[in-house]
Amino acid sequence: MSIALAGAWLAGCAAPEQLERRSGYVVDHSWVAPSHNSRVRHLVMHYTDIDEAESLAVLTGPHVSAHYVLPLPPRDHRGQPLVYQLVDENRRAWHAGASAWRGRININDTSIGIEIVNLGPDRPYAEVERLLEENPEASVDIQWAPYPDAQIEALIALSRDIIERHGIHPADVVAHSDISPTRKIDPGPRFPWRELYEAGIGVWPEDDAVASWQARFEAQPPALSVLQEALRVWGYPLKETGELDRETRAVLRAFQMRFRPSDYRGTPDAETAAILWALLERYRPAALDGLAPSLRHSQPLRNS
């Protein structure tokens, strides 16, 4: 039997529900390859920084978008949390912008974006950044909008579903500020990352490991270049300069907002390093082989 005749015979055997008529051709779905997986690798959390009406207007406009939006005030439908879906998960939404994580760039290509309606800080991003840059050793009084419990309940249900369907690694559930630390600060220090972790979403260090590493680093901190390398290995787009430059402060702020929201000035210290090493130990232990603090101490952690 020729290939053409065999193909015709196979097509003729396809059940009607396996045939899809498209523009100018017909697709036979009777053969399915098992060797495939989702293109989605990342789940990115955002806040909108504006109210719900403005958020929906902007996110359905010509310039930016997201796959999902969580309304404020939260609402439900027949007893279950309601979320808006603006973009099909198989399509690329424009939510991440210039971004990178664990060596990948253009995170829009590999992510699902969730926008949470939340007003963020009590002043514009540029002023927040200026205050933090100008007062690295002092407390800055910035008020951040809370996330209502019902909104987080909706987020947990949505995130669990997305993570399970796409097989997203816990360390690839990220903040917008993680993937764009010099441009973004959302979802901010009031976002409940630990609560999400306890619900099975994302990562968190073990308290005992943090305490152990902190005691070690208070006695002998890692060099700044080693801290930069560890941040890069964890996922941040950061070069190892050995200098406490603007990019390093921005990455440290993003990391601290997520894992130590009580102090996010972007200043390196033993506690920040301990949290980072505890995360690496738990989720990427192979990376510690080249990051043992006893191996590299060319500079102190703090600039003095």
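Residues numbered from 1 in each chain as written. Predicted model: local features only at pLDDT ≥ 70, side-chain atom pairs only at ≥ 80, totals over all residues. Heavy atoms only, no water.

Under an unreviewed UniProt entry, the name given to the protein is N-acetylmuramoyl-L-alanine amidase, and the organism recorded is Billgrantia aerodenitrificans. Quoted verbatim from the Sequence similarities (unreviewed entry) field of UniProt, the annotation for the protein is "Belongs to the N-acetylmuramoyl-L-alanine amidase 2 family." The UniProt entry for the protein carries the following comment under Catalytic activity (unreviewed entry): "Hydrolyzes the link between N-acetylmuramoyl residues and L-amino acid residues in certain cell-wall glycopeptides." (UniProt positions renumbered as here; feature names shortened; annotations may be inferred.)

Our focus in this paragraph is the pairing of strand β1 (residues 19-22). The pairing of β1 with strand β2 (residues 25-28) spans four bridges and is antiparallel. The partner of E20 across the bridge, within β2, is V27. Following β1, the chain reverses through two residues before pairing antiparallel with β2; G24 in that reversal takes a positive phi of roughly 90 degrees. (Pairing = 2+ DSSP bridges. Helix = DSSP H or I, 4+ residues; strand = E, 2+ residues; numbered from the N terminus.)

A turn of α-helix holds 3.6 residues, and therefore any two residues three or four places apart point the same way. For helix α9 (residues 246-259), spanning 14 residues, the distance from its first C-alpha to its last is 20 Å, which sits close to the expected 20 Å at 1.5 Å a residue. Burial analysis of α9 places 12 of its 14 residues in the buried class, which makes it a mostly covered element. Among all positions of α9, only T248, R249, A250, V251, L252, R253, A254, F255, Q256, M257, R258 and F259 are buried. Of the surrounding secondary structure, the elements contacted by the buried residues of α9 are α3 (125-134), β11 (173-175), α5 (176-179), α6 (193-198), α8 (224-234) and α10 (270-283). (Expected span 1.5 Å × (residues − 1). Buried < 20%, exposed > 50% of the residue type's maximum accessible area, 1.4 Å probe, protein only. Contact = heavy atoms within 4.5 Å.)

This next bit is on the confidence of the model for the protein. Across the protein, the average pLDDT comes to 90, with 90% of residues at or above 70. Between residues 3-11, whose pLDDT stays under 50, and residues either more than four places distant or in other chains, the model counts four contacts. Low pLDDT, under 50, characterises residues 295-304; the stretch is placed with 30 contacts to residues that sit more than four places away or in other chains. (pLDDT = per-residue confidence, 0-100.)

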